[in-house]
There are 4 protein chains.
Amino acid sequence: MKVGIIGASGFTGVELIRILKNHPKVDLELLTSESFVGKKISELYPSVGLDLDMELEEFDSHDALRRCDILFLALPHGYSSELVAMAYADKKIIIDLGADFRLKKIEEYSSWYETDHKAPHLLDKAVYGLPEIHREEIKGAKIIANPGCYPTSAILALAPLLEKSLIDIKGLVIDSKSGVSGAGRRATPVTHFNSANENINPYGVIKHRHTPEIEQELSLLAGEEVSITFTPHLIPINRGMLSTCYASLLEDLEEEELRKIYEDFYKDEAFVKILPKGIWPHTKWVLGSNNCLLNFEVDKRNKRIVIASVIDNLTKGASGQAVQNMNIVLGIEETTGLASPAIYP
Amino acid sequence: MKVGIIGASGFTGVELIRILKNHPKVDLELLTSESFVGKKISELYPSVGLDLDMELEEFDSHDALRRCDILFLALPHGYSSELVAMAYADKKIIIDLGADFRLKKIEEYSSWYETDHKAPHLLDKAVYGLPEIHREEIKGAKIIANPGCYPTSAILALAPLLEKSLIDIKGLVIDSKSGVSGAGRRATPVTHFNSANENINPYGVIKHRHTPEIEQELSLLAGEEVSITFTPHLIPINRGMLSTCYASLLEDLEEEELRKIYEDFYKDEAFVKILPKGIWPHTKWVLGSNNCLLNFEVDKRNKRIVIASVIDNLTKGASGQAVQNMNIVLGIEETTGLASPAIYP
Amino acid sequence: MKVGIIGASGFTGVELIRILKNHPKVDLELLTSESFVGKKISELYPSVGLDLDMELEEFDSHDALRRCDILFLALPHGYSSELVAMAYADKKIIIDLGADFRLKKIEEYSSWYETDHKAPHLLDKAVYGLPEIHREEIKGAKIIANPGCYPTSAILALAPLLEKSLIDIKGLVIDSKSGVSGAGRRATPVTHFNSANENINPYGVIKHRHTPEIEQELSLLAGEEVSITFTPHLIPINRGMLSTCYASLLEDLEEEELRKIYEDFYKDEAFVKILPKGIWPHTKWVLGSNNCLLNFEVDKRNKRIVIASVIDNLTKGASGQAVQNMNIVLGIEETTGLASPAIYP
Amino acid sequence: MKVGIIGASGFTGVELIRILKNHPKVDLELLTSESFVGKKISELYPSVGLDLDMELEEFDSHDALRRCDILFLALPHGYSSELVAMAYADKKIIIDLGADFRLKKIEEYSSWYETDHKAPHLLDKAVYGLPEIHREEIKGAKIIANPGCYPTSAILALAPLLEKSLIDIKGLVIDSKSGVSGAGRRATPVTHFNSANENINPYGVIKHRHTPEIEQELSLLAGEEVSITFTPHLIPINRGMLSTCYASLLEDLEEEELRKIYEDFYKDEAFVKILPKGIWPHTKWVLGSNNCLLNFEVDKRNKRIVIASVIDNLTKGASGQAVQNMNIVLGIEETTGLASPAIYP
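Here the residue index of a chain counts from 1 through its sequence in written order. Whichever chain is written first becomes A and whichever ligand is written first becomes 1, with later ones labelled in order. Only residues with pLDDT of at least 70 are given local features in this predicted model, and only at 80 or more are side-chain atom pairs given and counted; all residues enter the totals for whole chains, interfaces and linings. With hydrogens and water stripped out, all remaining heavy atoms of the structure feed into the side-chain values.

1. Regarding the overall build of chain A
At step 1: Only runs of H or I of at least four residues qualify as helices and only runs of E of at least two qualify as strands under DSSP, and these elements are numbered from the N terminus. Check the secondary structure of chain A and you find 11 helices and 13 strands.
At step 2: The C-alpha atoms of chain A give 20 Å as radius of gyration, which agrees with the globular expectation for 345 residues (20 Å, within 12%).
At step 3: Overall, the C-alpha framework of chain A stretches about 60 × 45 × 40 Å when taken along its three principal axes.
At step 4: With a 1.4 Å probe rolled over the protein chains alone, any residue whose accessible area is under 20% of its type maximum counts as buried; one over 50% counts as exposed, and the rest are partly exposed. Every one of the 345 residues in chain A was classed for burial, and the buried ones make up 67%.
At step 5: Pairs at least 24 apart in sequence give 70% of the contacts found in chain A among residues at least 6 apart.
At step 6: Computed with the Shrake-Rupley method and a 1.4 Å probe, the accessible areas treat only the protein chains shown as cover for residues. When the accessible surface of chain A is totalled, it reaches about 11,600 Å², and 49% of it is carbon and sulfur.
At step 7: For the charge count, each Lys or Arg is scored as positive and each Asp or Glu as negative, with His and the chain ends excluded. Working definition for charges: the position is that of NZ of Lys, CZ of Arg, CG of Asp or CD of Glu. A gap of 2 Å separates the mean positions of the 37 positive and 49 negative side-chain charges of chain A. C-alpha atoms define the radius of gyration in this analysis, and the globule rule sets the expected value at 2.2 Å times the number of residues to the power 0.38. When checking whether two residues touch, look at their non-hydrogen atoms; a contact exists if any pair is within 4.5 Å.

2. Section: the relation of the copies chain A and chain C
At step 1: A least-squares fit on C-alpha atoms brings the copies together, and the residues used are those whose pLDDT is at least 70 in both copies. Between chain A and chain C, which share one sequence, the superposing operator has a rotation angle of 180° and an axial displacement of 0.0 Å; the RMSD is 0.0 Å. Expressed as an axis order, the relation between the two copies is that of a two-fold axis. For chain A, the minimum C-alpha distance to the rotation axis belongs to Phe193 of chain A and amounts to 1.9 Å.
At step 2: An overlap of 100% is found between the interface residues of chain A and their copies at the interface of chain C, pointing to a shared contact surface.

3. Focus: the pairing of strand 2 (residues 27–32) of chain B
Residue and element names in this part refer to chain B.
At step 1: Being paired, for any two strands, means DSSP has found at least two bridges between them. Both strand 1 (residues 2–6) and strand 2 contribute to a ladder of five bridges, which runs parallel. Counted as the bridge partner of Lys2 is Asp27 from strand 2.
At step 2: Classification remark: right-handed applies to a crossover when, strands pointing away from the viewer, the course from the first strand over the helix to the second runs clockwise. The β-α-β motif built from strand 1, the intervening helix 1 (residues 11–20) and the parallel element strand 2 has right-handed crossover chirality.

4. Structural notes on the interface of chain B and chain A
At step 1: Opposite the 50 residues of chain B that make contact, chain A presents 50 residues.
At step 2: When two parts are put together, the accessible area they lose, computed with a 1.4 Å probe and summed over both, is reported as buried area. Of the roughly 3,900 Å² buried between chain B and chain A on both sides combined, carbon and sulfur atoms contribute 52%.
At step 3: If you sort the residues of chain B by the area they bury against chain A, Glu198, Ile200 and Arg301 of chain B come out on top, with a joint share of 15%.
At step 4: Take a side-chain nitrogen of Lys or Arg and a carboxyl oxygen of Asp or Glu: if they are within 4 Å of each other, that pair is a salt bridge. Here chain B is connected to chain A by six salt bridges.
At step 5: Here Lys207 of chain B makes a salt bridge to Glu297 of chain A, at a shortest N to O gap of 3.1 Å.
At step 6: Each polar contact in these results corresponds to two N or O atoms within 3.5 Å; when the atoms are within protein, one needs to be able to donate a hydrogen and the other to accept it, and residues that are neighboring in sequence are counted only if both atoms are side-chain atoms. The tally of links between chain B and chain A comes to 43 residue pairs in polar contact (both at pLDDT 80 or more).
At step 7: Contributing elements (two or more residues each) for the side of chain B that touches chain A: strand 7 (172–178), helix 8 (193–196), strand 8 (201–202), helix 9 (210–222), strand 9 (228–234), strand 10 (241–248), strand 12 (292–299) and strand 13 (304–311) of chain B.
At step 8: Ranked by residues supplied to the side of chain B that touches chain A, first place goes to strand 7 of chain B with five residues.

5. Describing the interface of chain A and chain C
At step 1: In this complex, chain A contributes 19 residues to the contact, which on the side of chain C involves 19 residues.
At step 2: Counting each side, the surface lost to burial between chain A and chain C is near 1,400 Å², with a carbon and sulfur contribution of 57%.
At step 3: Per-residue buried area on chain A facing chain C is highest for His192, Phe193 and Asn238 of chain A; these three make up 46% of the total on that side.
At step 4: At the boundary of chain A and chain C, one finds zero salt bridges.
At step 5: Applying the counting rule to chain A against chain C returns 12 residue pairs in polar contact (both at pLDDT 80 or more).
At step 6: Considering every element that reaches the side of chain A that touches chain C, the biggest residue donor is helix 8 (residues 193–196) of chain A, with three residues.
At step 7: Residue composition of the side of chain A that touches chain C, grouped by class: eight nonpolar, eight polar and three charged. Here the nonpolar group is Ala, Val, Leu, Ile, Met, Phe, Trp, Tyr, Cys and Pro; Asp, Glu, Lys and Arg are the charged ones; every other residue, Gly included, is treated as polar.

6. Concerning the relation of the copies chain B and chain A
At step 1: In the superposition of chain B on chain A (RMSD 0.0 Å, axial shift 0.0 Å), the rotation amounts to 180°.
At step 2: Comparing interface residues between copies, 100% of those in chain B also lie at the interface in chain A; the contact surface is shared.

7. Side note on the pattern of salt bridges
At step 1: Here the structure, examined in full by the defined rule, presents 104 salt bridges over all chains.
At step 2: Where Asp312 of chain A meets Arg239 of chain A, a salt bridge forms, and the shortest distance between an N and an O atom there is 2.9 Å. Here Asp312 of chain A is found in the loop between strand 13 (304–311) and helix 11 (315–330), whereas its partner Arg239 of chain A is found in the loop between strand 9 (228–234) and strand 10 (241–248), with 73 residues between them in sequence. No difference in accessibility class separates Asp312 of chain A from Arg239 of chain A, as the two residues are buried.
At step 3: Of the charged contacts in the structure, one is a salt bridge between Lys177 of chain C and Asp175 of chain D, with a shortest N-O distance of 3.1 Å.

8. Quick notes on helix 4 (residues 81–89) of chain B
Residue and element names in this part refer to chain B.
At step 1: Turning to helix 4, its buried residues number three or more, namely Ser81, Leu83, Val84 and Ala87. Down the axis, helix 4 shows its buried residues gathered within 160° of arc, on one side only. Opposite the packed face of helix 4, turned more than 90 degrees from it, sit the exposed residues Glu82 and Ala89.
At step 2: One or two positions beyond helix 4, positive phi appears at Lys91, with a value near 60°. Working note: the arc is built from the helix axis to C-beta atom directions.

9. Observations regarding helix 11 of chain A
Note on helix geometry: an α-helix contains 3.6 residues per turn, so any two residues three or four positions apart are oriented the same way.
All names here are of chain A.
At step 1: To estimate the expected span of a helix, count its residues, drop one, and scale the result by 1.5 Å. Along its 16 residues, helix 11 runs just 19 Å from first to last C-alpha, ending more than 12% under the 22 Å computed at 1.5 Å per residue.
At step 2: Most of helix 11 sits out of view: 15 of its 16 residues are buried.
At step 3: In the segment just after helix 11, Gly331 is the residue with positive phi, at about 70°.

10. Brief notes about the sheet that holds strand 12 (residues 292–299) of chain C
Residues and elements named next belong to chain C.
At step 1: Taken together, seven strands build an open sheet; the order of strands is 8-9-7-10-13-12-11 and the sheet is mixed. Edge positions in the sheet fall to strand 8 (201–202) and strand 11 (272–274), since each has one partner strand and no second.
At step 2: With two bridges connecting them, strand 8 and strand 9 (residues 228–234) associate as antiparallel partners. By the bridge assignment for strand 9, Pro202 is matched with His233.
At step 3: Only the contacting stretch of a helix is used when fitting its axis, a line to C-alpha atoms as for every element, and angles between N-to-C directions run 0 to 180 degrees. This element, helix 7 (residues 149–163), spans strand 7 (172–178), strand 9, strand 10 (241–248), strand 11, strand 12 and strand 13 (304–311) of the sheet and lies at about 140° to strand 13.

11. What about the domain arrangement of chain A?
All names here are of chain A.
At step 1: One can read the domain layout of chain A as domain 1 (2–147 + 316–330) and domain 2 (150–313).
At step 2: Domains are outlined according to an automatic or database domain assignment. Computed from C-alpha atoms alone, the centre-to-centre distance between domain 1 and domain 2 is 24 Å.
At step 3: Listed as interface residues are 30 residues of domain 1 and, on the opposing side, 34 residues of domain 2.
At step 4: When the two sides are added together, the surface that domain 1 and domain 2 hide from each other amounts to roughly 2,500 Å², 53% of it contributed by carbon and sulfur.
At step 5: Of all residues in domain 1, Trp112, Glu132 and Lys316 bury the most surface against domain 2, accounting for 28% of the area lost on that side.
At step 6: Inspection of the region where domain 1 meets domain 2 yields five salt bridges.

Listed below in structure tokens is the structure:
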């Protein structure tokens, strides 16, 4: 199978290349870029290996569809619709790392992204690519909307509780912390080393665009409308994301019962693991891996539960999950190309 | 006035020295240490200046009381009671940076610190040294219990709302993030560079000892029992602390009204400032200063408020606040020795 | 005395403000900026304190000279000549943090900076503002060329040896490491957090513009032409600079003799200190201070000496040294406003 | 083939596990530890994957030799001799990541490591495991002395020049910078986050134990005694090492000629690459990979050459190189298990 990466010069692009370069079932065929056409990818990112002799090409949809069986789209929102429509007509597999096909309700898209959707008729063809929740649908999908990083970490943390209706769907608090790579490769005052280093700050409080995405999936799990208060923070690490989630328990559940519920929910999952009681997840335990680590504690005094989840925002939070989705669609072992342990320290 | 620092070799000790070395109204007279007796402070911390020609001495309470008018105690909990009792009898001023005199209820101390209090009769002589809340009591105090770092950041964030009974006292969530210096100078697996760097993790969830301290002060402000869910996190910065606080609003208050309430509450404070709407506090904006910066946003969809506060955990969160308390007791300008802007970047 | 900072929005600008805000002998009168005219400095840099109620103004040379007695220039090279000429005619004091007046030989300026000098007639009026070497000349100067950060660290490391002709002037190697703030506040691929963090790299090898500046001053000290091999490196810290210097000893000198030579050379200096034998300088020991710490070791096997020096690149390497120069010109205590110890940790 | 790691709980141990867990030709059979016997490796290092169900065992040489075909030794110097002797008698393959078998001259070992060697008769059986220099000898070796991290980076940087006698063997300067993981997992004042973060310092100047190892190999290449001045520095990154090397050129060689010499020397090497002219190596370009990137510049004014090399100190500088050596001994593709690109950013 031939693979193309549309928008290969960003951080999710180079992470896809890292994973796919040695993937035994696919070949990298096409890398496109807007700003670096003609440049070798190994010049832009020597990390991929000086032996990777591929140039970044200008994007041409016909050419891309002709040469590739699978397209990974790593584009800003609003840019993927036309290509997705063509690829869908062409029966190619699209894995869109952008936001355009994640929200099922077109009005939510317009309202949070402040633009009209350009291919609304395809929204119901797209599957939300969180395998632990939607694996069966992903198997037959042609358009996979790869989840955002914050949604991946938050949904995996809360899914077992909502699916069993164990928590109050009002008053959910999600306090997330992300490494700077989540802000992308563009040099801005926010991504300046001297701004981000030795610092932490909240941003996009109440307003972050991952909010409706998280609410959509949590509502699906709960079977009713879930509304969250979501606060992302920027922390001075390259990669890694932690979500600390707060919910009110509807019943007096013992820690052991809850632990069993979590264990059962994820028992067949290769990438999601519950840590032993008392061991809180560290983002660096998943660096460069596709893993998600979880743990929780019951706050009996307040009848509340605190859940923490960690992922690598560029791997399980983006490119690793995209390859996991590809593996599912191709019907091969889900961990293919994704089995390397995290790098430590 | 002659000043002694009991436990001068820790991070709060060296921060006290940094501030007091050039303080115009007091002289450093005594620095004690358990592990480094006989060593020059400038050998242990060349940062204080090679010209500071003071040796760390063994602690002797009689000697300390004879030589000093003011004693700063930077000791682990459980170690200060005897000295405080003697100093109180001797009419000296004690500013205790440890936890022994912060909790008013002796049973809370025993339960959270898992040890008996050794000077319970002095608890009601001690004043909780958060000047913005207790300035009048501090003025005449002899024993000042200097607040913990997490409590300082959380109480300053929530005080205006609780004092005006604007939020539900149930369901308060405080999600705090601290630089590694909060864990002290001892080399442990937790403070190892390779553990802490490029990492974030929660710790002490539900169980952290600053919980009852925060609840005591919030309850005082609210006039009823407040119970919180408190999660501290370790982040890879040297100094700095951010608390993100979540509360349910009891009424539909406009952002402007709330802003006025905050502005009014802190209008005469030199060290606490509300940032303009939309500008979220960054810890690095207070690095090395005694300042606390605040901001908030109303989550109308969930009738909730999110408040964020930042301090330098070693300055306003410890040694700077201790000097602020000293200035108040001495009746001098409260900002003396504390007027330097934050260092940036 | 009224002070103006021309180019106040960069990192050396905000460092000048940090130091001068509480300086007892001068008042901040004027802050100019090209990109942020009309913005409050406390909005751009909340670190300076929300109480600092000054706006960034457009630069106007007549207005600047009318309002200010002393001008600090923090401009890119090539931009200061006209203003310096006017100020000189007006008998104002100019402290230029840029490179335009550092090199005495006009052809070196043209060749290394690849542009013609716009005020060559003023070159011999300017004094190279390294107080430890040129204090007497600085006292009466009107134009002070404040040294670059690399030159400050390198010259202070090597001066005692060259002044006594103890080392071979051929084959000097200066291997320097700088924090990212040395690259300025502009957001570029180089200053992107994800490029600089968890990384070290050399840059500008052989070609860095501080080379002729170092050679000029070392040659003056040696009394003959010194030529160096200079390699700067970028390291992932906000502030701080280390220069490791390598030289061949002309005689078999004992470590104690050399130590005495260094001690003597700097014996009256407030800001330059030799560490005890075996204690190598750490950049963080000078963070936010105007100090330079030095040490060395003799490599007897190779008859060579290794000298290491640390400074804060924004303080002794730029703005602190500029204020030190101002204090000298004003005839006040040289440490005024600069006495604070380094912040640690 | 069954593999054992003796001393698996350190950083080189966990890095070996990361690489070997998915190695197609060997199975992890034994992990030993002194301090963590009975603990699961995935508890100590959750990064290896919660699915890795191996316990750390007490070391027993007979048991180790019975169960394993290949032993990786990650022990402090002085601890491996007995085991190596037994293994050698038993015809097992030993790859020693420690220092005991690197130096060929027993008196150099005694003098630099300040202890007697316990198995001097095996020194000439051991091969210095730098494949790019000693591949042929490694093929048939039973005892492989895996090089130190500093020597790997320095020797690879200088080998092409010394082998062709292009540089003066007097006056070589090697200025190296290492991430903190090089100091190991033990919590000490040096590895404390607050000491190492936002800091750089030289250490072990003139005296570092990697000096004789570098000199031995450079002398072998040169055919005469080479003596270096070597200064290691600690920098605030987890992994990564840069060596900046300075040498005097014996002839006026053009940059292109030198480039050809470097290219030729490494033309068949999978892991060593020369960057294009003007692109200086960044340590983060090799993070987690077994690669070494090089570049150089000629300083014509001083007839000198500056060469910079980067490696990941735990991969090419330790465990990756150890696996590369194992692959060579086993006669399998040298890149097996080591083909993953560096992780970026």
